Amino acid sequence: MLANDKLILALPKGRILNDVMPLVRKAGIEPEAAFNDPDARQLNFATNNPGLEVIRARSIDMATLLSFGAAHFGVAGADVLMEFDSREIYAPLDLKVGYCRMVVAQPEDSAQEDNPARWSHIRVATKYPEITKRHFAERGVQAECIKLNGAIEIAPSLGLCRRIVDLVSTGSTLRANGLVEVEEIATITSRLAVNRTAMKTRPTELTGWIERFREAVHDLPS
Amino acid sequence: MKKTAHPALLPAGLADVLPPNAMQEAKATEDLIHSFATCGYERVKPPLIEFEDTLTSGSGAATADQSFRLMDPVSQRMLAVRADMTIQIARIATTRFPDAPRPLRLSYAGQVLRVKGSTLRPERQFAQVGAELIGSVLPAADAEVILMAHQAITNLGIEDVSIDLGLPTLVPAICEHLGITKSSDVQHLRTILNQKDASAINRFSEPAAQVFGQLLNAVGSATDALRVIKGTSLPLPALRQCEHLEAVVSILRKKAADITLTLDPVEIRGYEYHSGVTFTLFSPKVRGELGRGGRYQLSGYAEAGEQEEATGVTLFVDTIMRSIPAPVPTRRLFALLETPAREIANYRAEGWVVIEALADHSDPAAEARRLGCSHVIQNSAIKNV
């Protein structure tokens with residue numbers, strides 16, 4: 001991490017990128033043409049700003065890249081930031097895109113006869129073991145987490161566990177798998193997140209970018 | 001069959017430091033201690049292990065959950081291995097030097113052990129070098145320690161070291177003033193401020209949203225930040241603290257105008273036991289902190305019962321090692337078996353590393369190269385190999 005180096009902005013791959021790109025452009029950042037080619041093997045891209053480079057990374061890796069300073073700032077889901085809970089990351093701006101909710105869900109029939117006050121230990125399938133453990137520990141329940149990276153909704157029907165913690169946007173995946181939401185843990189949006197050391201050593205540049213993104217969020221109707 | 005671990009495998013977070021890094025670390029430690037000594041800070045050496053209750057009381061509570069513990073078969077009491085040395089120096093100041101004139105200037109260097117590594121420091125054992133200025137409440141004392149730490153690091157060849165100032169007592173003072181006392185509210189607010197989450201602050205009720213919103217905006221260059229802070233309406237105790245901070249900034253500006261100075265009035269994490277101005281040293285070349293410190297209150301061992309204030313700094317040798325220039329390779333000289341000891345001593349005094357032959361060699365030049373020597377002494381003269 002060198003002071004006279006280019007700043008590196010990390011952007012998430014996949015669906016969320018479509019929501020984020022209008023903000024990035026509005027903030028005055030135009031990545032080189034290859035960035036818009038989904039088949040490009042390249043991972044880092046130049047921009048119209050000679051002091052700024054963009055990298056594409058998986059959403060779940062954002063917290064890791066940002067806490068180690070591999071990227072100076074980036075777009076990260078609140079879910080990922082909560083899961084990693086790193087003291088090396090600041091999340092100064094809510095980009096108000098990628099809206100969804102993190103919920104506890106379980107099969108419809110079991111939800112009716114269940115009494116959460118009796119729980120001392122539960123088993124939960126989730127992509128977010130840390131958030132899940134913290135959430136249940138706060139009310140005195142020990143959550144044994146089964147870490148899955150996808151298709152979490154199928155876990156209860158396979159007999160892996162009775163509950164899941166996952167993101168929902170419309171709730172159709174839950175319904176299709178016979179699950180009902182029993183509790184909301186948090187509402188999730190994408191954040192502009194910044195590496196702490198970068199913020200301390202290059203404050204002017206980074207606060208400048210944060211400000212431009214802030215204006216972009218303000219200008220674009222969500 | 002029991003599977004035995006490979007003999008080279010060490011427990012997580014522990015490592016062998018090898019040449020040339022071990023030497024470089026020792027040298028850096030010595031240089032830092034020397035820098036402090038030239039400012040009148042005298043070295044003390046507390047033990048590695050102490051009674052748990054003394055090591056984890058007062059400001060030691062900050063590292064209580066980071067300490068290894070063991071039972072002392074002799075006293076039948078619990079002992080803790082130090083996870084930080086500041087508390088030990090504070091103990092020495094109040095118990096061994098209660099009558100020494102103030103301000104008291106002490107320095108230290110040593111290894112600490114922690115139960116868990118962190119994201120940026122997976123090491124569980126690492127070296128700390130520090131200094132404490134005990135018994136002064138003046139802003140000049142804060143400035144002295146900050147500038148001394150900056151100079152000590154700069155002396156090692158690290159450039160562009162910036163200083164991030166903080167005032168961890170500010171947020172609690174404002175909370176109290178605004179009547180935010182419920183522990184869940186305070187906790188929530190701390191989380192938001194630690195993440196610098198301006199959007200979440202807006203969801204707080206007025207006037208908290210406004211005050212903390214302004215403070216969040218103040219994060220950045222020290223001069224701008226001070227202006228923003230002075231524009232916020234603060235309760236009296238918070239105002240006093242800000243005046244102290246302003247005085248420190250003005251001394252720093254006057255004495256060393258070229259240092260990059262940032263200010264973060266809402267940084268509280270890691271400074272739970274500080275009572276005044278705090279600071280963190282950063283280099284743009286490495287991730288993580290080079291060192292940190294600040295003002296704190298010494299827990300009262302003193303019979304007088306009055307609390308003493310101190311301000312100190314802890315430098316993290318592992319982070320510093322990652323940012324210092326690579327060591328200059330030493331000049332190595334190979335001396336044949338018959339070379340007189342006096343001659344060898346002279347070369348060593350000139351700065352050569354002299355490797356002595358243990359037997360006769362038919363091809364001294366080849367043997368010299370094998371041992372990493374660039375030169376050989378033959379017949380009282382140096383020859384390039």
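For clarity, every value in this text was computed on a predicted model and none was experimentally measured.

### Re the domain arrangement of chain A
All names here are of chain A. For chain A, the assigned domains read domain 1 (7-98 + 189-218) and domain 2 (100-188). Each of domain 1 and domain 2 has a C-alpha centre, and these two points are 30 Å apart. Contacts between the two partners involve 8 residues from domain 1 and, on the opposite side, 12 residues from domain 2. Surface buried jointly by domain 1 and domain 2 totals about 860 Å² across both partners, of which 58% is contributed by carbon and sulfur atoms. Interface area lost by domain 1 to domain 2 is led by Asp79, Met82 and Glu83, which between them contribute 65%.

### Points about the sheet that holds strand β4 (residues 78-81) of chain B
Residues and elements named next belong to chain B. On the basis of which strands lie adjacent, the open sheet formed by 3 strands has the order β2-β4-β3 and antiparallel pairing. The outermost strands of the open sheet, each flanked by one partner alone, are β2 (49-51) and β3 (69-71). With strand direction ignored, the average angle separating the axes of adjacent strands in the sheet is 35 degrees. Pairing of β3 with β4 involves 3 bridges; the strand directions are antiparallel. The residue of β4 that forms the bridge with leucine 70 is leucine 79.

### Remarks on the pairing of strand β12 (residues 308-316) of chain B
Residues and elements named next belong to chain B. β12 sits mainly inside the fold: 8 of its 9 residues count as buried. Pairing of strand β6 (residues 125-134) with β12 involves 7 bridges; the strand directions are antiparallel. When the bridges of β12 are listed, isoleucine 134 appears paired with alanine 310. Examined bridge by bridge, strand β11 (residues 291-298) and β12 share 8 bridges and lie antiparallel to one another. Residue tyrosine 296 lies in a different strand from β12, and its bridge partner there is alanine 310.

Rules of the game
- Sequence order sets the numbering: in each chain, residues are counted from 1 along the sequence as written.
- Note on labels: chains are lettered from A, ligands numbered from 1, in written order.
- A pLDDT threshold of at least 70 governs which residues receive local features in this predicted model, and a stricter bar of 80 or more applies before side-chain atom pairs are shown or counted, although totals over entire chains, interfaces and linings include all residues.
- Heavy atoms throughout the structure, all of them, feed into the side-chain values; hydrogens and water do not.
- Bear in mind that the domain bounds are from an automatic or database domain assignment.
- Contact between two residues is taken to exist if any of their heavy atoms lie within 4.5 Å; hydrogens are not considered.
- Here's the idea: put two parts together, see how much 1.4 Å probe accessible area each one loses, and the total over both is what we call buried area.
- When DSSP locates at least two bridges between a pair of strands, those strands are taken to pair.
- Note on conventions: DSSP H or I runs of at least 4 residues are helices, E runs of at least 2 residues are strands, and numbering of each starts at the N terminus.
- Only the stretch in contact is used when fitting a helix axis, every axis being a line fitted to C-alpha atoms; angles between N-to-C directions are given from 0 to 180 degrees.
- Relative accessibility under 20% of the residue-type maximum defines a buried residue, over 50% an exposed one, and the middle range a partly exposed one, all with a 1.4 Å probe and only protein chains included.

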